[in-house]
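Take a look at the letters that make up each chain.
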Amino acid sequence: MKITVNTLQKMAAEGQKIVMLTSYDASFSTLLDQAGVEILLVGDSLGMVIQNRDSTLPVTMEEMVYHTRCVAAGAGDAMVLSDLPFGSYQESPQQAFANAARLMQAGAHMVKLEGGRFMAETTRFLVERGIPVCSHIGLTPQFVNTFGGYRVQGKSESDAERLLDDARQLADAGASLVLMECVPADLARRVTEAVDVPTIGIGAGAEVSGQVLVLHDILGVYPGKKARFVKNFMNEAGSIQGAVEAYVKAVKAGTFPAAEHTF
C-alpha cells in the first residue's frame, strides 16, 4: 500500500517506528522500497556523497529534479521526499512554491526545507497550495557557515526552548513531519511530545517517531569522517540488501540508535 502522510500519522500514533533512508537513483530506490523503507529522501547530501563537495550548498535545483525523477521511477510504495536545495526557497514563499512544484512534478510526494520559525510562513504557503512539507531543525547543513561547522544544536536550555518553539510553530503552520538533526536525545523527546506530527531523528536519540540516515553511511562507503550517530550495517550484514534490511529491523525494534549514537 502506498505510503502517505496519513500512513505516517497513523504509524506514529500507534508507536510504529518510521524508517527513512536517502536514495539518489532508481535501482537503490527499488531495493530500499522492497526492504521496507517507508520514506526515500532525495537529499541534497548528494553534494557530498555523490559529487564529493565539502557541503550541500553547491547542489542545484536541476540536480535535485533529476535525482527526484530517478528515485521516483523505482520507489514503488515508498514515499519520495525531496530536499529544496540552498537558495531555492529562502527568498520568498512564492520562490519556494515554484521550486517545490518542480520537485512534485518530478515525482516527489513531499518537500523538505531547513530552518525554524522563520520558515513557518513559507510552510503554510506551500501546504495551503497542495505541497506537503517536512521541516528540518537543529543542525541544518545549509547553515553550516553560520554555525561555524557541523555542531550539536540545542545544548543550552535557551537554545532548547528556541528549538521547541520552532517545532511548535512549524507544526502549527502545517508541516507533516519535523526532522531533527544533531540535538540532545532529551530535547528530541520533548519536541516529539510537544507536536502533533511525526518526528524523524538523525543524531537525535531513539524517542522520536522514526529515523533517517544517509544510505552511503549505513553501507560504509562514504570516505568522509564518520559522525557519532552513524552505524555501518554492512559490517554485520555482508551485503547491501542485508545491510538495508538490518537497518530497517533495528529502527523498527528500537535498537538503533543506541546510547553510543546519541548526544
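Note that the structure is predicted; figures quoted are calculated from it, not measured.

What counts as what
Residues numbered from 1 in each chain as written. Predicted model: local features only at pLDDT ≥ 70, side-chain atom pairs only at ≥ 80, totals over all residues. Heavy atoms only, no water. Phe/Tyr/Trp six-rings, centres within 6.5 Å; stacked < 30°, edge-to-face > 60°. Helix = DSSP H or I, 4+ residues; strand = E, 2+ residues; numbered from the N terminus. Buried < 20%, exposed > 50% of the residue type's maximum accessible area, 1.4 Å probe, protein only. Lys NZ or Arg CZ within 6 Å of the ring centre and 35° of its normal. UniProt positions renumbered as here; feature names shortened; annotations may be inferred. 1 Å grid on protein atoms, 1.4 Å probe; cavity = no way out; pocket = protein on both sides within 12 Å on 5 of 7 lines; lining within 4 Å. Points joined across faces, edges and corners; volume = space filled by probe spheres on them. Nonpolar A, V, L, I, M, F, W, Y, C, P; charged D, E, K, R; others polar.

Colleague: Could you clarify how one ought to interpret the packing of aromatic side chains in this entry?
Modeller: Pairs of aromatic rings are described using the distance from one ring centre to the other and the angle between the two planes. This model, assessed by the stated rule, comprises 5 aromatic pairs. Consider the rings of Phe233 and Tyr247, whose centres lie 5.6 Å apart with planes at 75°: the pair is edge-to-face. Here Phe233, found in the loop between α10 (215-219) and α11 (234-237), pairs with Tyr247, found in helix α12 (residues 240-253); they are 14 residues apart in sequence, far enough to count as distant. Of the two residues, Phe233 and Tyr247, both sit in the buried class. Seen in terms of ring centroids, Phe233 and Phe256 are 5.6 Å apart; in terms of plane orientation they differ by 75°. Their pairing is edge-to-face. Residue Phe233 is located in the loop between α10 and α11, and its partner Phe256 is located in the segment after α12; the two are separated by 23 residues in the primary sequence. Taken together, the ring pairs in this structure connect Phe118, Phe143 and Phe147 into an aromatic cluster. For the cation-ring pair, Arg129 lies above Phe125, with the distance from its terminal atom to the ring centre recorded as 3.5 Å.

Colleague: Quick question: what am I supposed to make of the UniProt feature "binding site: Mg(2+)" (unreviewed entry) in the chain here?
Modeller: This chain's UniProt record puts "binding site: Mg(2+)" (unreviewed entry) on Asp44, Asp83 and Glu114. Across 71 residues in sequence, these annotated residues keep their C-alpha atoms within 11.3 Å of one another, forming a single compact spot. From this annotated list, the subset lining the largest pocket comprises Asp44, Asp83 and Glu114. Within the secondary structure, Asp83 sits in strand β3 (residues 79-83).

Colleague: Would you explain the layout of surface pockets in this entry?
Modeller: Space left empty within the atom packing is revealed by a probe, the size of a water molecule, rolled over the atoms. Considering only enclosed or pocket space, the largest pocket measures out at about 730 Å³ in volume. If you trace the largest pocket, you find 34 residues lining it, with Met48, Tyr150, Glu181, Val214 and Phe229 closest to the centre. Classifying every residue of the lining of the largest pocket by side-chain character gives 18 nonpolar, 6 polar and 10 charged. The calculated volume of the second largest pocket comes to roughly 200 Å³. In terms of lining residues, the second largest pocket is bounded by 14 residues, among which Gly116, Phe118, Phe147, Arg162 and Asp166 are the most central. When contributions to the lining of the second largest pocket are tallied by element, the ones reaching two or more residues are β5 (133-138) and α8 (157-172). In terms of residue class, the lining of the second largest pocket is made up of 5 nonpolar, 6 polar and 3 charged.

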